[in-house]
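Analysis of the macromolecular model
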Amino acid sequence: MIIGLDVGGTHTDVVLLSNESGLINVAKVPTDPENLFNSVLAGLEEVTCGIAPGAISRVVLSTTLTTNAIVQNKLAPVGMIVCGGPGIDPEIYRCGSYYHVVSGAIDHRGREIKPVDRDEIQAVAGQLRREGIRIVGVVGKFSPRNPDHELAVREVLKNSFDQVFLGHQISGNLNFPRRIATTYLNAGVYPIHIKFYEAVRKSFDAKGLVLPIRILKADGGNMKFSASVNFPGQTIFSGPAASVMGSIAFAPEKEDSLVMDVGGTTTDMAILVNRVPLLDPLGIEINSYKTLIRSINTFSVGIGGDSAVTFSDGRFVIGPERLGPAMAYGGPAPTPTDALFVLGRINGGDRERAVKGMEPLAQALGVTVAAAAAEIFDSTCRSLLSKAQDMIFRINSQ
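What comes next is a walk through the structure.

Calculation notes
- Throughout this document, residue positions are counted from 1 along each chain, in the order its sequence is written.
- Given that the model is predicted, a residue must reach a pLDDT of at least 70 before its local features are reported, and side-chain atom pairs must reach 80 or more before they are shown or counted; all residues, however, enter totals for whole chains, interfaces and linings.
- The side-chain numbers reported here are obtained from all heavy atoms of the structure, hydrogens and water having been left aside.
- Method remark: on a 1 Å grid restricted to protein atoms, a set of points is classed as a cavity if a 1.4 Å probe fits but cannot get out and as a pocket if it is open with protein on both sides within 12 Å along at least five of seven lines; lining residues have an atom within 4 Å of a point.
- Grid points are joined across faces, edges and corners, and a volume is the space filled by probe spheres set on the points.
- Runs of H or I in DSSP of at least four residues are treated as helices and runs of E of at least two as strands, each being numbered from the N terminus.
- In this count, Pro and Cys sit with the nonpolar residues alongside Ala, Val, Leu, Ile, Met, Phe, Trp and Tyr, while Asp, Glu, Lys and Arg are called charged and the others, Gly among them, polar.
- Here a Phe, Tyr or Trp ring, Trp counted by its six-membered ring, pairs with any other such ring whose centre lies within 6.5 Å, and the pair is stacked when the planes are under 30 degrees apart, edge-to-face when over 60, and tilted otherwise.
- For the exposure calls, accessible area comes from a 1.4 Å probe over protein chains only, and a residue counts as buried if that area is under 20% of its type's maximum, exposed if over 50%, partly exposed in between.
- Residues belong to one nonpolar core when they are buried, are Ala, Val, Leu, Ile, Met, Phe, Trp, Tyr or Cys, and are joined through side-chain atoms within 4.5 Å.
- Residues count as neighbours in contact if any of their non-hydrogen atoms are within 4.5 Å of one another.
- Pairing between two strands is assigned when DSSP locates at least 2 bridges connecting them.
- Note on geometry: axes are lines fitted to C-alpha atoms, helical ones only across the stretch in contact, with angles between N-to-C directions running from 0 to 180 degrees.
- Convention used here: angles under 35 degrees read as roughly parallel, angles over 145 as roughly antiparallel, angles from 65 to 115 as roughly perpendicular, and any remaining angle as oblique.
- The sense of a crossing depends on the near helix, which, turned anticlockwise from the far helix by less than a right angle, makes the crossing left-handed and, turned clockwise, makes it right-handed.

Focus on the layout of surface pockets
For the largest pocket, the calculated volume is near 1100 Å³. For the largest pocket, the lining is made up of 42 residues, of which Asp6, Asp13, Lys28, Ser243 and Asp261 are closest to its centre. Residue assignment for the lining of the largest pocket shows that the elements contributing at least two residues are strand S1 (2-7), strand S2 (11-18), strand S3 (22-30), strand S4 (58-63), helix H8 (238-247) and strand S13 (256-262). Tallied by class, the residues present in the lining of the largest pocket amount to 16 nonpolar, 18 polar and eight charged. Computed from the structure, the second largest pocket encloses a volume of approximately 460 Å³. Its residues placed into classes, the lining of the second largest pocket shows 10 nonpolar, seven polar and five charged.

The following block contains the structure:
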């Protein structure tokens, strides 16, 4: 038997499959970002109830945690140390608030033009430490041709920081701005991914499950879970990739299909052509970041069922921030899910609490609570359809 486990921002979903009889059991539990261990363990205990550990042969994971962190602009603060070279000033590729361009250059043939200044690197490291930075990315312009400068910088930094990521190890492609962005995101999602990694490992240990664990990558393939610790950027779009791969069995043949997975924090979209997902030829593009992470051509929008709804400049603003679950489920702010409760389209939560949460928004617009809820629902749908059209236009323009 196989366990499939997806940790999202709102729910953790677990399934148990058999090669002979297919789906055996399913579980859905709330995701507690502050205690991922309990979330994963609760799902495992529910789905494996009555099943001997020895009957389970492997585990396949997916997650939207890293994707959500980027979409909501909740990346960890990380330092970036960038060595330039001939051509454009690397300053125009700035990522984050702790970005330092340092001396040292290697040309396109891998020959050193100017050596790294160790004293300069020491000074930058000291400044980053004083600013509380614990994770650093290091990128040289032509490091895939010759990584000596990145290695030299790491040698200076190695005893001063928790983790140092090198651009040539994250990607061997020569696209300098994309390699900077890729290394930055890899470093920025590391803290949330390591929490996820440790929660999964501890929960499986607690259940006595000693199994091969794989995690789905953005391109629909998978990698060893242990390898993802050094390459957490590979889990960006892991959850969307799972949605796309799962939808293939239900897509019509000889037609194009739009895949749209509406989650709590994001809505993930993709196109299938004759049941085949499209691949992004260069790499993931998310928010303003263009990366070298090989991916199914997916698009994540910071609008989901739990997106916080506010009122600004005479209109409702939906997302990208998720402050918690819908108010109907005990959350702190009104959401599109609360609008559905007000409209009577879903049940199972506290409708009166959803109504109460919608009242300030209705007053701001000068309409009834029901009218405000209808406008929020319609605005959410219009935004998602507009983003889908943008994605289709972008794909066709290529």
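Describing the packing of aromatic side chains
Under the criterion given, the structure shown has seven aromatic pairs. Considering the side-chain rings of Phe165 and Tyr190, the 5.5 Å spacing of their centres and the 65 degrees angle between planes classify their relative orientation as edge-to-face. Of this pair, Phe165 sits in strand S10 (residues 163-166) while Tyr190 is found in helix H7 (residues 190-206), placing the two residues 25 residues apart along the sequence. Take Phe165: its relative accessible area is 3%, and that puts it in the buried class. Aromatic pair Tyr184 and Tyr289: ring centres 5.7 Å apart, planes at 40 degrees, arrangement tilted.

What about the nonpolar core?
Residues Ile3, Leu61, Ile180 and Phe196 are the most contacted members of the largest nonpolar core, which totals 55 residues. Sorting elements by how many residues they give to this core places H7 first, with seven residues. Residues within four places of Phe196 in sequence aside, it is in contact with Val7, Leu36, Leu61, Ser62, Thr63, Leu65, Ile215 and Phe225. Val309, Met358, Leu361 and Ala362 belong to the second-largest nonpolar core, a separate cluster that totals 24 residues.

Regarding the pairing of S1
Taken residue by residue, a regular strand's side chains alternate between the two faces of the sheet. The buried fraction of S1 is high, at six of six residues. Residues Ile2, Gly4 and Asp6 point to one face of S1 and Ile3, Leu5 and Val7 to the other, with burial holding for every one of them. Relative to S2, S1 runs antiparallel, the two sharing six bridges. When the bridges of S2 are listed, Leu5 appears paired with Val14. Taking the residues between adjacent antiparallel strands as the criterion, S1 and S2 are bridged by three residues.

Focus: the pairing of strand S14 (residues 267-273)
In terms of burial, S14 is a largely internal element, six of the seven residues being buried. The hairpin formed by S13 and S14 contains four residues between the paired strands. Bridge count between S14 and strand S20 (residues 298-301): four bridges; the pairing is antiparallel. Directly across from Met269, in S20, lies its bridge partner Phe299. Across two bridges, the pairing between S14 and strand S15 (residues 276-277) is antiparallel. Bridge pairing in S15 links Val273 to Val276. The turn linking S14 back onto S15 is made up of two residues, and Asn274 within it adopts a positive phi angle of 55 degrees.

A word on the packing of helix H3 (residues 118-130) against helix H4 (residues 148-157)
Packing of H3 against H4 brings their axes to within 10 Å, and their N-to-C directions diverge by 50 degrees. By the angle between their directions, the pair H3 and H4 is classed as oblique. Once H3 is placed against H4, the crossing between them reads as right-handed. Facing H3, whose interface residues are Arg118, Ile121, Gln122 and Ala125, H4 presents Ala152, Val153, Val156 and Leu157.

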